[in-house]
Amino acid sequence: MSDTSHITAGTGPVRPPEVVDTFGKVESVGIEHIGPEDRHGRPRELFAVWLSANLAYFYILVGGLLPVLGLSMAQSFAVLFVGNLLWALVGLMAVNGPSTGVPSTITTRAMYGVRGNRVFGAGVSWALCIAYEGLNLAVGALAGFALVSFAGLETSLLVKVLVAVLIGTVTFTMGVYGHATIVRLSVWFSALLGTCTLVLGYFVLQHATLHPTGFHPLAGNELWTSLLIGLTAVAALPLGWPGGSDYSRYLPRTTSPRAVAGWTALGGWVPAMLLGGIGILAGSAIDMSDPQTNMRSILPSWFYAVFLLVVVVGSITNNVLTVYSSGLSLQAMGVRISRARSVIADAVLGGALGVAALASTSFLTSMSNVLALSVALLGPFAAVYGTDILLRRNRYDGPALQDTSPSSPYRFRNGFNWPGIIALATGAAAALLCVNTTLFVGPVASAIGGGDLSAFAGTAVAALVYTGGSLLLGNHRKGNL
């Protein structure tokens, strides 16, 4: 067991005298350690948290992309199933919440060192969160504009600004209030969005067919290229959630790791499969290159308005967790700011990116490129995180993770854990060699005819490099309970 007696008020964040994690009140803690006296909740509450966050339009878009790539119904559903198996990795990354009592971007000090974490752990997480915030805001705003137009109102510049501001305000307000409010509201959002999603599936099913008109099966290299591109697109969405312990850290330390992993993974897997499946089925009836518009042809007029509203609300619930994590990441980077204020700061940056995305001449292409390129970092990041949990057997010292002094057990060599940094870098390089986007095609992807292996190459390389480096230096044994 590591010695934490040296931790003082000057070596890390100081806990507020009273921890407020109550519904309707602004959560007073950020990256501080949650002590046993403040732990509460059950792992099953994670299911609603992740379900509500992932009942989002992104999954319909990705599911609809698979038929556009030329895949059959059976091939599309197979790709959807295999790609979403990565939710098991998201579940694994949530198990150290109860064992550490700190958010993910503090736990990553064990992987990158207390100094290296500011760039390679918290820094990478923060940058990716901001990018996804911008995309989510843009998706919600576009649906909001369509809803206003459907209601017969003019979508003037002022109206568009008001819609975007309203969506952003609701999103970031929930992020400011924090954990308890998010957990409570997620139950209601899950019920509302889940019901509407099932109704949407019913209407889509009425028009779906296993043998779409004009479909020509792919074969040979064309088939493998489409399968790999589709698999990477599906895998990008679960890999976009590296902060699982942010939402499990309030659970008692004795909470079953299997329960945490299971409820987290299931909460993401169910909506990903359901909405992705709806996207695939819709692709057999309409052109899914512009699903938001073309969905109108297969939905009752009254429900099309509901569909657009679901897209708006889904973008909000999806973004709430991202906003919450980005605020914690900003604090973990060393920015001295309260959690609530960090969320507000990120709102400005995320909002600016959202505006830039809306101004793009081809939003869907831009979104596809961001998702594909982000996998080059998300896959290796998740691999290092999950591998560290397995190597340490989830035996982290939560209070010691707060220590940034020279005597910190997680300081390693001058504040840097080089196996983690090298693993992240080599994994990202391997992913970029295998990526296929309209902006950049890696040499490996080009050599195999355009197949995109980035999600799996980057993840595998990072896991292998981190395992080898950690075992060689024994860093995975430092700071363990």
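You'll find the structure just up there.
This structure is a prediction, so every number in the text was calculated from the model and none was measured.

Remarks on the environment of alanine 400
Considering the arrangement of structural elements, one finds alanine 400 in helix H17 (residues 398-401). When the C-alpha positions of alanine 400 and glycine 479 are compared, they lie 7.3 Å apart, and in sequence the two are 79 residues distant.

Overview of the packing of aromatic side chains
For the structure on display, the rule yields 14 aromatic pairs. Both rings, one in tryptophan 50 and one in tryptophan 241, keep their centres 5.2 Å apart while their planes meet at 80°; by these two values the pair is edge-to-face. Here tryptophan 50 is found in helix H1 (residues 45-54), whereas its partner tryptophan 241 is found in the loop between helix H11 (220-239) and helix H12 (257-283), with 191 residues between them in sequence. Within the aromatic cluster, the residues linked to one another by ring pairs are Trp50, Trp87, Trp241, Tyr247 and Tyr324. A cation over an aromatic ring shows up here: lysine 160 above the ring of phenylalanine 145, its NZ or CZ 5.4 Å from the ring centre. Between the NZ or CZ atom of arginine 184 and the centre of the ring of phenylalanine 23, over which it lies, the distance is 4.5 Å.

Brief notes about the packing of H11 against helix H20 (residues 454-473)
For the pair H11 and H20, the least separation of the axes is 8 Å and the interaxial angle reads 55°. Judged by the angle between their axes, H11 and H20 are oblique. Along its contact with H11, which presents Leu231, Thr232, Ala235 and Leu239, the element H20 presents Ser454, Ala455 and Phe456. Residue classes in the contact of H11 with H20 are distributed as five nonpolar, two polar and no charged.

Some words on the pattern of salt bridges
Counted according to the given criterion, the structure contains three salt bridges. Here glutamate 27 and arginine 249 are joined by a salt bridge, their closest N and O atoms 3.3 Å apart. A residue pair is termed long-range when its members are at least 10 positions apart, and glutamate 27 in the segment before H1 and arginine 249 in the loop between H11 and H12 qualify at 222 residues. You'll find glutamate 27 and arginine 249 in the same group, each marked buried. Among the salt bridges present, the one from arginine 339 reaches glutamate 27, with a minimum N-O distance of 3.7 Å.

A short note on the nonpolar core
In terms of nonpolar packing, the biggest core is built from 123 residues, with Trp50, Met295, Leu299 and Phe307 touching the most fellow members. It is helix H14 (residues 301-332) that contributes the most residues to this core, 15 residues altogether. In contact with phenylalanine 307, not counting residues within four places along its chain, are Tyr57, Ile60, Leu200, Gln292, Met295 and Leu299.

Conventions adopted
- Numbers given for residues are sequential positions, taken from 1 along each chain in its written order.
- In keeping with the model being predicted, local features are shown solely for residues with a pLDDT of at least 70 and side-chain atom pairs are shown and tallied solely at 80 or more, while totals for entire chains, interfaces and linings include all residues.
- As a convention, hydrogens and water are excluded, and side-chain values are obtained from all of the structure's heavy atoms.
- Numbered from the N terminus, helices here are DSSP runs of H or I no shorter than four residues, and strands are runs of E no shorter than two.
- Pairing of aromatic rings covers Phe, Tyr and Trp, the last counted by its six-membered ring, and requires centre-to-centre distances within 6.5 Å; plane angles under 30 degrees mean stacked, over 60 mean edge-to-face, and any other angle means tilted.
- Two conditions define a charge sitting above a ring: the NZ of Lys or the CZ of Arg must be within 6 Å of the ring centre, and it must be within 35 degrees of the ring normal.
- Fitting a line to C-alpha atoms yields each axis, with helices limited to the stretch in contact; the angle taken between N-to-C directions then spans 0 to 180 degrees.
- Should an angle fall under 35 degrees it is called roughly parallel, over 145 degrees roughly antiparallel, and 65 to 115 degrees roughly perpendicular, with every other angle called oblique.
- Contacts are residue-level and defined by heavy atoms, with any inter-residue pair within 4.5 Å sufficient.
- Under the convention adopted here, Pro, Cys and the residues Ala, Val, Leu, Ile, Met, Phe, Trp and Tyr are nonpolar, Asp, Glu, Lys and Arg are charged, and Gly plus all remaining residues are polar.
- By definition, a salt bridge exists where a carboxyl oxygen of Asp or Glu is found within 4 Å of a side-chain nitrogen of Lys or Arg.
- Relative accessibility thresholds used throughout: buried, under 20% of the residue-type maximum; exposed, over 50%; partly exposed, between the two (1.4 Å probe, protein chains only).
- Residues belong to one nonpolar core when they are buried, are Ala, Val, Leu, Ile, Met, Phe, Trp, Tyr or Cys, and are joined through side-chain atoms within 4.5 Å.

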